[in-house]
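Geometric and topological summary
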Amino acid sequence: MTPTALVADDEPLLRQRLIAHLAHAWPELTVVAEARNGREAVELFEAHEPQVVFLDVHMPGMTGIEAARCMAHRTRIVFVTAYEQYAVQAFEQGAIDYLVKPFDETRLADTVQRLRERLEPAAPTKAADALGAPLEMVLDRLAAEVRQRAAPQSWLQWIKASVGTTVRLIPVDQVIYLRSDEKYTLVVWEGGEALIRKTIRELADELDPQRYVQIHRSVIVNLARVSHVARGLNETADVHLSGRTETLPVSRSYLHLFRQM
Amino acid sequence: MNRKQDAARASDPTYWRRCLAALTGASVGWAVGLAITIAVVLSPTFIPPWPVLFGRTLFIAIVCLLAYTAAGQWRGSPIPRWMAQVLAVALAGPLATLFVYVLSTGGNLQEMFGNPARVMGIGLIGGSALVLGLIITLGALYRERDAQANAQALQFALERETLQRQTADAKLAVLQSQIEPHFLFNTLANVQALVEGGSPRAAPVLASLIAYLRAAMPQLQDGAPTLGREEQLVRAYLDLMHMRMPDRLHYAIEVEPALRNLTLPPMTLLTLVENAVRHGIDPSEAGGHIEVGARREVGSVRLWVADSGRGIDETKPPGIGLANLRERLAATFGGRATLTLHAVEPHGVRAEIEVADENPGS
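Summarised in this report is the structure supplied together with it. If you're wondering where the values come from, they're calculated on a predicted model, not measured in any experiment. (Residues numbered from 1 in each chain as written. Chains lettered and ligands numbered in written order. Predicted model: local features only at pLDDT ≥ 70, side-chain atom pairs only at ≥ 80, totals over all residues.)

Details of the overall build of chain B
In terms of helices and strands, chain B carries 12 helices and 5 strands. With 362 residues in all, chain B has 30% of them scored as buried. (Helix = DSSP H or I, 4+ residues; strand = E, 2+ residues; numbered from the N terminus. Buried ≥ 20, exposed ≤ 12 C-beta atoms within 10 Å, placed from the backbone.)

Listed below in structure tokens is the structure:
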């Protein structure tokens, strides 16, 4: 039975180059499928069950690392990556094979040699199992690292607001305050004012509560824009804003927020 | 209340320590020199022996010096410092003279003022202490001001140098953020694939890479980056990215030729185009279209980069690239330039820069 392989890379020239070099370094190998992203890689893997999978780490949609988790223990994976220092370290620790783009022929020949050894029918299955445990740990670590680099936090960072005929994307840093206005919410930011459909309650849940504080049933204020808080009669207060004339009410139940200030 | 604070200040041990620290060898030398000079000049007209005369003048000079120093260290005086010092010396000279003579006559004021020789002595010593003391005080104040001016000039030079270094660092940061190793190696891997395959596209793609690298680098030295050059840079970059993802990335660039001489901070359009690729096209399996344009409008010039990629992730914080670009635009155009982002239907982002014309009237 001839060995089979799947090659996944979103850049077609790099996919073709790897296939061309594999044909030279490992003539018996048949590349049964080519994938352009992680999702395709998993689908084609299920359809063809190749013995070897070459996975680009950085692919649109599902990354190579996420795809590898779906195939773990059912095939031999080689990661292909371009100058991902953090990833290379993780691969070395986990004894997972990898190629750094642009790779040269001798490096590919080493990889092919190792893959051939592991595909030998005489090779003890325990060796494969021994590789199994660290594989999952390494994949977890890689996935965590990729996630961290992609999204350090999940608070709302942009507010979409219709202004004239377009939908403005407003960075939340520029927002001064938000105030509910019947069905809509009024966004007041450095560049103007606009109405959005999200309610104050939704916004209070989505915005970072350390920086955007609800001070009234209908008002959220960006703390960075508050100049001072003036106490009023009867357990109420008014928030004054830097560089603006209007004030915002603080209702009794939110007054405790400013007790220590 | 104020007096209490003054008293507190005078009894503050750091005040006296500061006074002592301010008494330099040079100032004591000047005081001793002044005492010797007056004693030598006056000794022919005086009855007491020279050492006695010198003792008196030395005492007076030291009192003047202490008064000068104490007034100089007194913070919070209601009058300017130099005035306080001049007044202190003007008072200390004659008063110390009187004190010396009161001491020498055992406190007998009648004998002191009854003796015409003594009255003349008081007048001579007191007068010369006043005149010489004031001259030296003014000289010392003048030198101090000179030293302060020098120190300030040094401080300015230091600040200027720091500023220059910061500017250089910022330029370097632009370069480093620009030619990312990840981008370079991936692009080179693609070029290598073309070369190995003997593709006729290898040469034009390599030309694009060279154009990109050249455009991205000499901007460090050149003082006047323009929209025309930015257009070339963006075209080279998009050409390279199109080679890497031919199915997923398509682009069009429409810059009105008349606008090519417009001054623009370096990497203005490239920052927006890179963002469109990185956050719009690259994460999307289907990819999309990027449109770059510049158009003259009434009273302003509008630049835009629009993509039909994945669209903005509302929980992803704005990158440092956009913040830097805002700063560079503000540095070049002041308040005349605005950068806004818009959502595109059904998905994608449109970044617009509007530069208002300079008002010739203002």
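Here the narrative resumes.
Describing the nonpolar core
In terms of nonpolar packing, the biggest core is built from 105 residues, with L55(A), V187(A) and V273(B) touching the most fellow members. The element that contributes the greatest number of residues to this core is helix α10 (residues 227-244) of chain B, accounting for 8 residues. Formed by 24 residues, the second largest nonpolar core is a distinct cluster that contains L65(B), A88(B), A92(B) and L132(B). (Core = buried A, V, L, I, M, F, W, Y, C linked by C-beta atoms within 7 Å.)

Here's the deal with the packing of helix α9 (residues 202-216) of chain B against α10(B)
All names here are of chain B. In contact at an axis separation of 9 Å, α9 and α10 are set at 140° when each is read in the N-to-C sense. By the angle class used here, α9 and α10 are oblique. Handedness of the crossing formed by α9 with α10: left-handed. In this structure, α9 contributes V205, S208, L209, A211, Y212, A215 and A216 to the contact, and α10 contributes R229, Q232, L233, A236, Y237, D239, L240 and M243. Looking at the contact of α9 with α10 residue by residue, the class counts come to 11 nonpolar, 2 polar and 2 charged. (Axes fitted to C-alpha atoms, helices over the stretch in contact; angles between N-to-C directions. Parallel < 35°, antiparallel > 145°, perpendicular 65-115°, else oblique. Left-handed = near helix turned anticlockwise from the far one by under 90°. Contact = placed C-beta atoms within 7 Å. Nonpolar A, V, L, I, M, F, W, Y, C, P; charged D, E, K, R; others polar.)

Here's the deal with the interface of chain A and chain B
With 27 residues of chain A at the contact, the number on the chain B side is 29 residues. For the side of chain A that touches chain B, the elements supplying multiple residues, two or more each, are α1 (12-25), β6 (158-163) and β7 (166-171) of chain A. Partitioned by chemical class, the residues of the side of chain A that touches chain B number 14 nonpolar, 6 polar and 7 charged.

Topic: the packing of helix α2 (residues 38-48) of chain A against helix α3 (residues 64-71) of chain A
All names here are of chain A. Taken N-terminus to C-terminus, the directions of α2 and α3 make an angle of 20°; their axes are 8 Å apart at the nearest point. If you check the angle between α2 and α3, you find them roughly parallel. Along this stretch, α2 crosses α3, giving a crossing that reads as right-handed. Across the interface between the two elements, G38, A41, V42 and F45 of α2 pack against G64, E66, A67, C70 and M71 of α3. Its residues placed into classes, the contact of α2 with α3 shows 6 nonpolar, 2 polar and 1 charged.

A closer look at the sheet that holds strand β1 (residues 4-8) of chain A
Residues and elements named next belong to chain A. Taken together, 5 strands build an open sheet; the order of strands is β2-β1-β3-β4-β5 and the sheet is parallel. Single-partner strands in this sheet number two, and they are β2 (30-35) and β5 (97-100). For this sheet the average axis-to-axis angle between neighbouring strands, irrespective of direction, equals 20°. Note that β1 and strand β3 (residues 52-56) share 4 bridges and pair parallel. Residue A5 lies in a different strand from β3, and its bridge partner there is V52. Packing against the sheet, α1 makes contact with β1, β2, β3 and β4 (76-81), and its axis sits at approximately 155° to β1. (Pairing = 2+ DSSP bridges.)

Considerations on the environment of S27(B)
Secondary-structure assignment places S27(B) in helix α3 (residues 25-42). Through-space distance from the C-alpha of S27(B) to that of T69(B) is 9.4 Å; in sequence the pair is 42 residues apart.

A few points about the sheet that holds strand β12 (residues 219-222) of chain A
Residues and elements named next belong to chain A. If you walk across this open sheet you meet the 5 strands as β10-β9-β8-β12-β11, and the pairing is antiparallel. What marks the edges here is a single partner per strand, and that holds for β10 (192-196) and β11 (212-216). Neighbour-to-neighbour, the strand axes of this sheet turn through a mean angle of 20°, independent of strand direction. Looking at chain direction, strand β9 (residues 184-189) and β10 are connected through 5 bridges and run antiparallel. By the bridge assignment for β10, V187 is matched with A194.

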